[in-house]
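# Structural characterization, general
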Amino acid sequence: MVEFTGKVRLRVVGIIGLVALFSSCAPSSPEAPNSQTVADAEPPSDVSSPTRLSPEALAFEAKFNDLTARSRTAAETVGDARALRDEWVAMEALSSEVGDAEQITTAAGKLAEIDFSVGDLDSALAHTERSITAAKTIIATRPQDVAATYISMTAMRGVILSQLGQADEAITSQREALADLDTILKKDRFTFRPGTSEAYKQHALEDVFMAKSNLEFGLSQALMRNGDFETAIVLQRQSLATRTAGLPAEHPGIVGSQYGLAQTLMKAGDMDAALQEARGAVERADLYMSDSSTMYPKALEMLGIVLSRSGRTSEAVRVLDRALRLKGETEGRDNLYFAYGLHNLGGIKRNLGDYGPALNLLEEAEVGFTTHQGENSPMAATARAYRGSVRYALGDMSGARADLENARTRLSRDDDTMRLTSTLLADLAGTVPDTPQPEDDSVVSAHARAVRARLDGRADAPILLDRLMRSQTLLDAGRLDFPHRLAAEEALRSAQAAGDDLALLEAASLLLNTEASVAATRAQMRKLDGVDAEVVLQMQSLQRQMRRLDSSRLAAIAAGKPSQDMSEALQDVEVQLASLRTKHGLDDERTTVAGFSSFQSVRDGLKDDEAVVAMIPALSRHFTLVIDRAGEALFEHDQPRAEIAEAVTAARAAILSEDGASRDAALRRAGQALLPDTVLARLEGRSRLRIVSSGAPSTVPLAALKLADDGWVGDRFALRHQASLAGSTPTSTNIPRGAMTRFIGVAPPEGLDADGDAGRILAYRDNVQLGLPNAKTELETIASRFKRADVLSGGRAVEARLKGGALSSADVLAFATHGLRAGERGDGTQAALLVEAGLNEDGYLETDEIAALNLSARLVILSACDTAAPGDGSGNGYSGLAAGFLEAGAQGLLVSHWPVRDDAAAAITTRLVELSQDHDMDVALQTAMAEVRAGNLPGAGNPAIWAPFVLYTP
């Protein structure tokens, strides 16, 4: 049996979570250090030493215990035990002088912990080996004194060896140590000398459980680096189970182990399980610790990383922003952990296309890594490589080349970062990469093969597209992160070079896939043969509930607010969804991933005067794909994508400006950027365009831009915007009057209070009219054009009634009320229409509630403000309210790109309905806008008045 002596000595197995069981950073988003806390044993004040010590020895004991206690306090309060390193150096030397193997074990272990925390791997490795060597001299006779530290040091040594590329040696040593520990634990039970305090007993047992868990974790990391993910996950789960069984529920080490498991699952590609464990770690941290704990921001950070890997980048940014702020508050900015946090957030902002902040974050991260790990730090090189890739995306090719070349000379591993770096350099030079062709199945490797093939005069687009289509990031609204968008851009080029029409269409569709196109596909699922529409509706309703609950929970987490109730509700919905899937054999992919058509089917849906114009912002370049009855053509623009995006953003801002001259110049610049002469020449003879776009081009109405001859784009072309290329079908846009016989209008809520929630939100907008005095008149005027019409207001327009089926019979449905952008009511809130609240409702008809309406309307008119605005952080227009109405089944939408004056909204919408009796809807809108521009409304010549609306279809 193992006997604990109760000796008056604080045995430090601390490693404050092994301080940082770092894992290497993967390409698309570097990962945080994985900290796992080991408890220090409390001194039993009521137990005397079993042996009589000399006064000198007693003084030494007291000094050792004092230093140990101060180290523990520093670690628990400010995470800065590093300040005590010099004292531990002296203590190790003194322990060596007196020949105390136990204290050498402890002191060397503490130094290993501190050195590891600042990234000094060589020194940390030397100290782990010194600690292990000292422990081995007494472990056979005194396992109770050094077993836990011996095992923890072996675990740390294994992690360090794995990081240094010596995974096999790490696996061997950790398996041997695990066998040693099993031998110790197989003894009958732990016993303590009489008089040993209960606190000491508890901490002594915790030490052993923590040591065993750390060793299981360390071995799992080494196995994972060797590609044995299955065994690694088993060991990581075992590590968590060891802690859960042996430690109090509130112990921070359980949180560390749980988010470590999330990291392992993420690396293995099981994103659903990874997200579940990452959320669980944060929820446990919320339950048992304050946000001033050093463990709390690390759990948040892992959740943010997993969210970003799942394509949920906007939510990830909110979580990581908070994690980084808390890291700075609990541990300061001048440490390796903070550098990892900067790198994580910079990588995710890169994925979002938020390149300016990404560059700044990555630059600061590189400085941090260099400071704490030296000039040869692999993470500093990775940060430089990321900066180079951002400059590539911005079109700064000379800066990109300099950064990438610098990084390539410093990167030591053949991983995705090195492959991406080499591939970009080869693409910049226009020469075949001189590095060996990678053989693994990652998107980055497939991209490298495709570039090599194209530069070598061959084509490999289908293989790259296959890997992209199977990518995890496509499962969340089709969103592509940085390396995937880069790979899709290469697929587009390779397909064009090879003359592969199908690959070209698939690559374009990938780059254009947005929340709106996915929403349209969800609506189409209800009409497919062989699919029970009611079952699909139930499944999609549960999916919406899950998205809504999860977004609310993540927003609460990011704001530091309670989230337990939302977590429990989410679990209930997950159970319901799993049961429905099992019962009917449905899966997410069938209801969320947009399908692809063919060029011929697109051409078959066009008239002689029509063309599809797909505006495709890839990564570094911008492409335009034109399809008409005569064929198709792909154009790569001379201007970099970032420059075109800047022109569009400036044009949007200029539209709302009173300076006519500067406004016209900005509109011309954007118009020529999106429709250069080469594209206009291809559109000769076409008078109607179907626009498919994502990113910046989807955030501005094309009609409001100007051509080189100073004419309006909206005068030269009748425009219809559509959610995807697959939306171009043989169906005509002309909707005969007879097909639209039933009108329903929804008036704004009555008695809006400027001091109420909605009033306070709207007060931030310039020149807002809270009461919308012309709204009801607008609806009544439209209603007069129909034989069957109803304008709902007051008690007849309460939210519960609208959601209960009151709108399902409308052929034309119009909302003349305020629209709120996503996030306008707070982080994580959805876009919404303001309606009468009624009982038990909040008066905000949100995107997910709209998606559940089950409409059959041929046209939905949203004359509210900003109804074409993005619904998330993606920067894609039409991803908010518009996406919700498409999913609900609407066949056409009239949406606005900015706040609309209600007299202008009334003039355009009523005239549109009148003209649509004899004209196709796109031509009717073109005419209505031209008439308003030439009319008597104040300021009518400004596109802010006549051009906010676009016609949007699935």
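Right above here is the structure, for reference.
What comes next is a walk through the structure. (Residues numbered from 1 in each chain as written. Predicted model: local features only at pLDDT ≥ 70, side-chain atom pairs only at ≥ 80, totals over all residues. Heavy atoms only, no water.)

## Overview of the overall build of the protein chain
The condition that has to hold: Labels follow the DSSP assignment, with helices taken as runs of H or I lasting at least four residues and strands as runs of E lasting at least two, numbered in each case from the N terminus. Contacts were defined at the residue level, with two residues in contact if any of their heavy atoms lie within 4.5 Å. Using a 1.4 Å probe, the Shrake-Rupley method yields the accessible areas, and only the shown protein chains count as cover for residues.
Secondary structure assignment for the protein chain yields 39 helices and 16 strands. A fraction of 73% describes how many contacts in the protein chain between residues 6 or more apart in sequence connect residues 24 or more apart. Total accessible area computed for the protein chain in this model is approximately 34,300 Å², and 49% of it derives from carbon and sulfur atoms.

## Describing the sheet that holds strand E11 (residues 819–820)
The condition is simple: Pairs of strands are assigned from DSSP output, requiring at least two bridges between the strands.
Within the open sheet, the three strands sit side by side as E11-E12-E13. Their pairing is antiparallel. Two strands in the sheet have a free side with no partner beyond their single neighbour: E11 and strand E13 (844–846). Two strands pair when backbone bridges link them, and E11 and strand E12 (residues 832–834) are joined in this way by two bridges, in the antiparallel orientation. Directly across from glycine 819, in E12, lies its bridge partner leucine 833.

## Focus on the environment of isoleucine 348
Relative to the helices and strands, isoleucine 348 resides in helix H14 (residues 336–352). As for isoleucine 348 and serine 314, which are separated by 34 residues in sequence, their C-alpha atoms are 8.8 Å apart.

## A closer look at the sheet that holds strand E14 (residues 859–862)
Note: strands within a sheet are paired through backbone hydrogen bonds, in either parallel or antiparallel orientation. So the rule is basically this: Interaxial angle, 0 to 180 degrees, is taken between N-to-C directions of lines fitted to C-alpha atoms, where a helix line uses only the stretch in contact.
The 11 strands are arranged E5-E4-E3-E6-E7-E16-E15-E14-E10-E8-E9 in an open sheet whose pairing can be described as mixed. What marks the edges here is a single partner per strand, and that holds for strand E5 (631–640) and strand E9 (788–792). The sheet shows a mean angle of 25° between the axes of neighbouring strands, taken without regard to direction. Taken strand by strand, helix H33 (residues 775–783) contacts strand E8 (742–746), E9, strand E10 (812–815) and E14, and its axis lies near 175° from that of E8.

## Looking at the pattern of salt bridges
Heads up, the rule is: Salt bridge, as used here: a side-chain nitrogen of Lys or Arg that lies within 4 Å of a carboxyl oxygen of Asp or Glu. Three exposure classes are used, based on accessible area relative to the maximum for each residue type with a 1.4 Å probe and protein chains only: buried under 20%, partly exposed in between, and exposed over 50%.
The tally for this structure, following the rule as stated, stands at 41 salt bridges. The partner of lysine 607 in a salt bridge is aspartate 920, with the nearest N and O atoms 3.3 Å apart. Of this pair, lysine 607 sits in the loop between helix H27 (599–604) and strand E3 (610–617) while aspartate 920 is found in the loop between helix H37 (902–915) and helix H38 (921–933), placing the two residues 313 residues apart along the sequence. For lysine 607, a relative accessible area of 34% puts it in the partly exposed group. Residue classification places aspartate 920 among the buried residues on the basis of a relative accessible area of 10%. Measuring nitrogen to oxygen at the nearest pair gives 3.8 Å for the salt bridge that ties glutamate 684 to arginine 716. Highlighted residues: glutamate 684 in the loop between helix H30 (677–682) and strand E6 (688–693) and arginine 716 in helix H31 (residues 713–716), separated in sequence by 32 residues.

## Focus: the pairing of E6
Burial of E6 is extensive: six of the six residues sit out of reach of the surface. Side-chain alternation along E6 places Arg688, Arg690 and Val692 on one buried face and Leu689, Ile691 and Ser693 on a second face that is also buried. Bridging between E3 and E6 involves six bridges; their strand directions are parallel. Across the sheet, residue glutamate 610 finds its bridge partner in E6, namely arginine 688. One ladder, built from four bridges, connects E6 with strand E7 (residues 718–722); its direction is parallel. Residue pairing in the sheet places arginine 690 in a bridge with arginine 720 of E7.

## Structural notes on the pairing of strand E16 (residues 949–953)
Among the five residues that make up E16, five are buried, leaving the element largely enclosed by the rest of the structure. Side chains Phe949, Leu951 and Thr953 of E16 all project onto a buried face; the interleaved residues Val950 and Tyr952 project onto the opposite face, where all are buried too. As paired strands, E7 and E16 are joined by two bridges and run parallel to one another. Looking at E16, one finds that histidine 721 is bridged to tyrosine 952. Direction of pairing for strand E15 (residues 893–896) relative to E16: antiparallel, over a ladder of four bridges.

## Focus: the environment of methionine 156
Within the secondary structure, methionine 156 sits in helix H6 (residues 143–163). Considering only alpha carbons, one finds methionine 156 and glycine 109, 47 residues apart in sequence, at a separation of 9.6 Å.

## Points about unusual backbone geometry
Phi angles above zero are rare outside glycine, and aspartate 710 is one such case at about 75°. The exposure class assigned to aspartate 710 is partly exposed, which follows from its relative accessible area of 37%. Notably, asparagine 854 is not glycine yet its phi reads approximately 60°, a positive angle. Among the secondary structure elements, asparagine 854 is positioned in the loop between helix H35 (847–851) and E14.

## So, the packing of H14 against helix H15 (residues 355–373)
Our working definition: Here the angle decides the label: under 35 degrees means roughly parallel, over 145 means roughly antiparallel, 65 to 115 means roughly perpendicular, and every other value means oblique. Each crossing gets its handedness from the near helix: less than a right angle anticlockwise from the far helix is left-handed, clockwise is right-handed.
At a minimum axis distance of 8 Å, the contact between H14 and H15 shows a crossing angle of 155°. Taken together, the axes of H14 and H15 are roughly antiparallel relative to one another. In the crossing of H14 with H15, the sense of the turn from one axis to the other is left-handed. Where H14 abuts H15, its residues Leu336, Phe338, Ala339, Tyr340, Leu342, His343, Leu345, Gly346, Gly347, Lys349 and Arg350 lie against Tyr355, Pro357, Ala358, Leu361, Leu362, Glu364, Ala365, Gly368, Phe369, His372 and Gln373.

## Comments concerning the side chain of glutamine 722
Using the following cut-off: N or O atoms within 3.5 Å of each other form a polar contact, as long as, within protein, one can give a hydrogen and the other can take it, and as long as residues adjacent in sequence are counted only when both atoms are side-chain atoms.
Mapping glutamine 722 onto the fold places it in strand E7. At 3.4 Å, the side chain of glutamine 722 and the side chain of arginine 720 are in polar contact.

## Focus on the nonpolar core
Rules: Side-chain atoms within 4.5 Å are what join buried Ala, Val, Leu, Ile, Met, Phe, Trp, Tyr and Cys residues into a set we call a nonpolar core.
Among the nonpolar cores identified, the biggest contains 66 residues, and Leu675, Leu683, Leu702, Leu705 and Phe743 are the most heavily contacted of them. Those residues within four positions of phenylalanine 743 in sequence are excluded, and the remaining contacts are Leu779, Ile782, Ala783, Phe786, Arg788, Ala789, Asp790, Val791, Val812 and Ala814. Judged by nonpolar contacts, the second largest core, of 48 residues, contains Leu240, Val306, Ala316 and Leu361.

## Examining helix H12 (residues 295–309)
Note the cut-off: Here the expected length of a helix is defined as 1.5 Å per residue gap, with one fewer gap than residues.
The end-to-end C-alpha separation of H12 is 22 Å, in line with the 21 Å expected for 15 residues at 1.5 Å each. Burial within H12 is extensive, with 15 of its 15 residues counted as buried.

## Things to note about the packing of aromatic side chains
The line we're drawing: Only rings of Phe, Tyr and Trp enter the pairing, Trp through its six-membered ring, and a pair is recorded when the two centres are within 6.5 Å. The plane angle decides the type: under 30 degrees is stacked, over 60 is edge-to-face, the rest tilted. Whether a charge sits over a ring comes down to the Lys NZ or Arg CZ being within 6 Å of the ring centre and within 35 degrees of the ring normal.
Here the structure, examined in full by the defined rule, presents four aromatic pairs. For the pair tryptophan 712 and tryptophan 946, a centre-to-centre distance of 5.1 Å together with 80° between the ring planes defines the contact as edge-to-face. Placement of the pair is tryptophan 712 in the loop between E6 and H31 and tryptophan 946 in helix H39 (residues 943–946), with a sequence separation of 234 residues. Take tryptophan 712 and tryptophan 946: they sit in the same class, and that class is buried. It is arginine 350 that lies over the ring of tyrosine 386; its NZ or CZ is 4.2 Å from the centre.

## Quick notes on the packing of helix H28 (residues 641–655) against helix H29 (residues 660–674)
To be explicit about the condition: Residues are grouped as follows: Ala, Val, Leu, Ile, Met, Phe, Trp, Tyr, Cys and Pro are nonpolar; Asp, Glu, Lys and Arg are charged; every other residue, Gly included, is polar.
It is at 8 Å that the axes of H28 and H29 come closest, and there the two elements cross at 145°. For the element pair H28 and H29, the recorded crossing hand is left-handed. Contact with H28, carried on its side by Glu643, Ile644, Glu646, Ala647, Val648, Ala650, Ala651, Ala654 and Ile655, involves Arg663, Ala666, Leu667, Arg669, Ala670, Ala673 and Leu674 of H29 and no other residues of that element. Grouping the constituent residues of the contact of H28 with H29 by class yields 12 nonpolar, no polar and four charged.

## Here we look at the environment of aspartate 628
Its location among the elements puts aspartate 628 in strand E4 (residues 621–628). Classification of aspartate 628 by relative accessible area gives buried; the value is 0%. Note: C-alpha distance between aspartate 628 and glutamate 610 (18 residues apart in sequence) is 6.6 Å. Looking at aspartate 628, its side chain comes within polar contact range of the main-chain nitrogen of alanine 630, at 3.0 Å. Looking at aspartate 628, its side chain comes within polar contact range of the side chain of arginine 686, at 3.3 Å.

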